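Coordinate inspection notes
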Amino acid sequence: NLASELQSSLGLIETITGFLKIKHSFALVSLSFFKNLKLIRGDSMVDGNYTLYVLDNQNLQQLWDWSHHVLSIPVGKMYFAFNPKLCLAEIYRMEEVTGTKGRQNKAEINPRTNGDRASCEYGDRDIRQLRGPLSEPCHPSTGKTQTLRFISNVTESDRIFLKWERYRPPEYRDLLSFIVYYKESPFQNVSEYVGQDACGAQSWNVLDVELPLSSEQAPGVALLNLRPWTQYAIFVRAITLTTAEEGRNYGAQSEVVYIRTMPAGKGLARGPGMPVVSPQRRAETPRVRPAPTVPRDVISMSNSSSHIVVRWKPPTQRNGNITYYLVLWQQLAEDMELYVNDYCHKGLKLPTSSADTRFGDGDGPEVEQDAEERCCPCRPADGQLRMEGEAESFQKKFENFLHNSIIIPRTPKRRRDVVAVTSPANASSAEPPVPSRAGGEPKPDFQIFEDKVVRDRAVLSRLRHFTEYRIDIHACNHAAHTVGCSAATFVFARTMPELQADNIPGNVTWEPAGKNSVLLRWEEPRNPNGLILKYEIKY
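Residues numbered from 1 in each chain as written. Predicted model: local features only at pLDDT ≥ 70, side-chain atom pairs only at ≥ 80, totals over all residues. Heavy atoms only, no water.

**Structural notes on the sheet that holds strand β5 (residues 77–81)**
A sheet is described by the order of its strands in space; here three strands give the open sequence β2-β4-β5, paired in parallel fashion. Edge positions in the sheet fall to β2 (20–23) and β5, since each of these pairs with one other strand and no more. The mean angle between the axes of side-by-side strands here comes to 10°, regardless of whether they run parallel or antiparallel. Where strand β4 (residues 50–55) lies against β5, five bridges are found, and the strand directions are parallel. Note that in β5 the partner of valine 54 across the bridge is phenylalanine 80. Helix α2 (residues 88–98) contacts β4 and β5 of the sheet and is inclined by roughly 170° relative to β5. (Pairing = 2+ DSSP bridges. Helix = DSSP H or I, 4+ residues; strand = E, 2+ residues; numbered from the N terminus. Axes fitted to C-alpha atoms, helices over the stretch in contact; angles between N-to-C directions. Contact = heavy atoms within 4.5 Å.)

**So, the confidence of the model for the protein**
Where the model shows low pLDDT, its predicted coordinates should not be examined in detail. Looking at the protein as a whole, its pLDDT mean stands at 76, while 68% of the residues score no less than 70. This model gives residues 122–143 a pLDDT under 50, and the stretch forms 30 contacts once residues within four places in sequence are excluded. Within the model, the stretch residues 195–200 combines pLDDT values under 50 with 15 contacts to residues more than four positions away or in other chains. (pLDDT = per-residue confidence, 0-100.)

**Details of the packing of aromatic side chains**
What characterises a pair of aromatic rings is the spacing of the ring centres plus the angle enclosed by the ring planes. As enumerated under the stated definition, the model contains 13 aromatic pairs in all. Centre to centre, the rings of tryptophan 312 and tyrosine 325 are 5.3 Å apart; their planes meet at 70°, and the pair counts as edge-to-face. Of this pair, tryptophan 312 sits in strand β17 (residues 308–313) while tyrosine 325 is found in strand β18 (residues 324–331), placing the two residues 13 residues apart along the sequence. When its relative accessible area of 1% is taken as the criterion, tryptophan 312 is described as buried. Among the aromatic residues, those joined into a cluster by ring pairs are Tyr50, Tyr53 and Tyr79. The side chain of lysine 21 reaches across the aromatic face of tyrosine 53, ending 5.4 Å from its centre. In this arrangement the basic side chain of arginine 494 is found over the ring face of phenylalanine 466, its NZ or CZ atom lying 4.9 Å from the centre. (Phe/Tyr/Trp six-rings, centres within 6.5 Å; stacked < 30°, edge-to-face > 60°. Buried < 20%, exposed > 50% of the residue type's maximum accessible area, 1.4 Å probe, protein only. Lys NZ or Arg CZ within 6 Å of the ring centre and 35° of its normal.)

**Structural notes on the pairing of strand β7 (residues 150–155)**
Consecutive side chains of a regular strand alternate in pointing toward one face of the sheet and then the other. Summarising burial for β7: five of the six residues are buried, a large majority. Once β7 ends, the chain turns through four residues before running back antiparallel as strand β8 (residues 160–164).

**A look at α2**
Those residues of α2 that sit buried are Leu88, Glu90, Ile91, Tyr92, Met94, Glu95 and Thr98. Positioned one or two residues after α2, glycine 99 has a phi angle of 80°, which is positive.

**What about the pattern of salt bridges?**
Summed over all chains, the structure comprises 15 salt bridges. With a shortest N-O distance of 3.3 Å, arginine 159 and aspartate 158 are connected by a salt bridge. We note that arginine 159, like aspartate 158, is buried. Close ionic contact of glutamate 334 with arginine 494 constitutes a salt bridge, the shortest N to O distance being 3.0 Å. A residue pair is termed long-range when its members are at least 10 positions apart, and glutamate 334 in the loop between β18 and α4 (343–346) and arginine 494 in strand β23 (residues 489–494) qualify at 160 residues. Comparing glutamate 334 with arginine 494 shows no difference in burial state: the two are buried. When salt bridges with common partners are traced through the structure, they connect Glu334, Glu468 and Arg494 into a single cluster. (Salt bridge = Lys/Arg side-chain N within 4 Å of Asp/Glu carboxyl O.)

**Examining the sheet that holds β17**
The sheet built from three strands is open, its strands ordered β16-β17-β21 with antiparallel pairing. The sheet is open, and its two borders are formed by β16 (296–301) and β21 (457–460), each paired with just one other strand. Strand-to-strand twist across the sheet, computed as the mean angle between neighbouring axes with direction ignored, equals 15°. Bridge count between β16 and β17: four bridges; the pairing is antiparallel. Following the sheet pairing, isoleucine 299 is matched in β17 by arginine 311.

Dropping the structure here:
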């Protein structure tokens, strides 16, 4: 709870010797966490004028509960702008309580950008103080707000350099600075609302940009630490001192533009229709992240004795445009250690080929992925995220080590010797002899098959019935021909059994073996479902 944490940290402060500045604090709804604040002395001030400076707080709705709080500001002014949910009546009430009434002009408590998105009720006195209409808040597409236009952009794999035209209000001194808002945006449908999103997270990253020293120089910004091959939504807003007197209202804001960073390892790119403006180069070599991370959440299902369906999700970090997925699969030998147990007396637990429970009847990963994008993700603590990431990375490396370095496929025996059975009971089980390992039988060398697919699914066909396969999936981006694809993520899957494969071919022959016994002989199934571990005889 942010409010309780702030109150426990700041609630005992009674005097601020300098100034109080509340800026870009989108999570704040109230300043009441300063529950014991009595005095803002103003020994130092913002821009030499402002003891209280409140700018661009999209969810701020209340300052203090003035029926139970007293605050004094003996010197300096107050400044309020771009607080869309903070009603002007709240600000005017603070003027009276703090003794600052009459110090501020209309540009410093802007009726156009404070409370313009809130349901505010004003008495006659408040309406007289506004000296202007309440029903015409200034939005980017209305009033006298000017549209800022971008004049250049230079894009790299992890940064974007932007420049926009110099905004010139009627009074040049009214222009204070610019604010750049940007965020990842897979789709070009974002709104300009800069508050919290539906999941309770701050939707926009915010960057303050000071005015250039020269009045002829175009303002610009470098957005750093971006993700390769990711689309970003960006817009810029000018911060000005404005006045609503006689209907005058000045401001500037750009439209939302969408720019995609370059793939990892690529050079510079400029926006279409924009001249290239070379950015100030870095001294260090650009960080290269050529290969994507591994595909996520691989699931498999066998829907017949010769097919396996595999699905997965795209990598977390693509580091470029994923051009295809490389799918490799190889048949695995059945483990000869299965012959160690006496299945005739201890029973037999057969391997299964059941489908992954995450396979549904829907249209596939696209539907699931869209649903995930619509849902709010859980937001664990940074420490927990770091520990989970390290654990997952270790788990994948450990599994790769086990399967690539330790597990050795063993040789299966394709034919079984005929066994004689004698029993006075009505049912019996016959166990085939353990295949001889003398002479050093060569290990099976099953062929590795591969396929390239452009979608996040693959259907493997012409497989052997009731056989286990290891399936590896690599994600490959634009740089795969030079740096290779991602590391493999893998899954094990078994095809379904063939219904007639375990039938005994030909006839069963017999001959007397004693006074109370007979010797039965039969031919082994030519292509059984896996290893033959026992025969069941009913009579």
